[in-house]
Amino acid sequence: MRYPSGDHAEPRGFTLQQIKTQRLNLRLARRDDATALAEVRSKNHAELWPWFHQEMGTTAEEASPDWQRQRLTRDIDAFNRRQRLPYIIWQQTQLIGRIDVIPHWHEARFRLAYWVSNTHQAKGYGSEAVTAVTQMAFRALGAQRVTTGHAAPNRASAALARRLGFQPYGRQPNACLLPDGSRVDGLGYERRDPERLPEVGVRWR
């Protein structure tokens, strides 16, 4: 698949609204997710804050459906502009996390950023969601590379990336700012094909 030049050029016919696996439903963010998102984000504020503090609100803001609705409105606009593909992760009727695909269309590269609620960790849901989106990126979007990254102290993200066969490709000194103002290295991981990913029964539309 050939991509036109420009950061926001995407394949013709791009309509990927939903990704399903054996246990999960990943669908594009909607404004009516605001109440469920507020509940989960507020309960997970302390766990998410070290790694996402630069884009997060206060505990009170994250707990507000109105505040979340404003964020979701911006997410939907970013999707319409093909700047970000924000998927909310559902396990049956429970919102359990989110995974964003940040496309670099001109490179056919897709960067992943994700979190899973602490009450649903250690159950394989994070691995399942990342596997599904990685397969989708290669097989539906023609990715040449799928990447992810994290602050060096974030051991959980490192373990997930390595478990799914992402290979380290870079270390950027002092790239990540922690809430206390200190800086730590940023680590990058990549995959160049979907081979040997776990089977999760992924399908998309």
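Described in the following lines is the structure provided in the data block. (Residues numbered from 1 in each chain as written. Predicted model: local features only at pLDDT ≥ 70, side-chain atom pairs only at ≥ 80, totals over all residues. Heavy atoms only, no water.)

### Some remarks on the packing of helix α1 (residues 34-43) against helix α2 (residues 45-52)
Right, so step 1: The geometry of α1 relative to α2 is characterised by a closest axis approach of 5 Å and an angle of 80° between their N-to-C directions. By the angle between their directions, the pair α1 and α2 is classed as roughly perpendicular. The residues of α2 that touch α1, namely those facing Arg41, Ser42 and Lys43, are His45, Glu47 and Leu48.
Right, so step 2: By residue class, the composition of the contact of α1 with α2 is one nonpolar, two polar and three charged. (Axes fitted to C-alpha atoms, helices over the stretch in contact; angles between N-to-C directions. Helix = DSSP H or I, 4+ residues; strand = E, 2+ residues; numbered from the N terminus. Parallel < 35°, antiparallel > 145°, perpendicular 65-115°, else oblique. Contact = heavy atoms within 4.5 Å. Nonpolar A, V, L, I, M, F, W, Y, C, P; charged D, E, K, R; others polar.)

### Notes on the packing of aromatic side chains
Right, so step 1: If you walk through the whole model with that rule in mind, you get one aromatic pair.
Right, so step 2: Aromatic side chains Trp105 and Phe110 sit 5.3 Å apart centroid to centroid with 85° between the ring planes, which places their arrangement in the edge-to-face category.
Right, so step 3: Lying across the ring of Phe79, Arg82 places its NZ or CZ 4.7 Å from the centre.
Right, so step 4: Above the plane of the ring of Tyr169 lies Arg145, whose end atom (NZ or CZ) is 5.0 Å from the centre. (Phe/Tyr/Trp six-rings, centres within 6.5 Å; stacked < 30°, edge-to-face > 60°. Lys NZ or Arg CZ within 6 Å of the ring centre and 35° of its normal.)

### So, the sheet that holds strand β2 (residues 25-28)
Right, so step 1: Overall, mixed pairing links the nine strands, which are arranged β7-β8-β6-β5-β4-β3-β2-β1-β9 in an open sheet. A single partner strand is all that each edge strand has here, and the edge strands are β7 (167-177) and β9 (203-204).
Right, so step 2: Summarising the sheet, strand β3 (residues 85-91) and strand β4 (residues 94-104) pair through seven bridges and their orientation is antiparallel. Note that in β4 the partner of Ile89 across the bridge is Gly97.
Right, so step 3: The sheet strands contacting helix α5 (residues 125-140) are β1 (18-20), β2, β3, β4, β5 (109-116), β6 (145-151), β8 (183-191) and β9, and the helix crosses β5 at an angle near 160°. (Pairing = 2+ DSSP bridges.)

Keep in mind that these numbers describe shape and distance, not what the molecule does.
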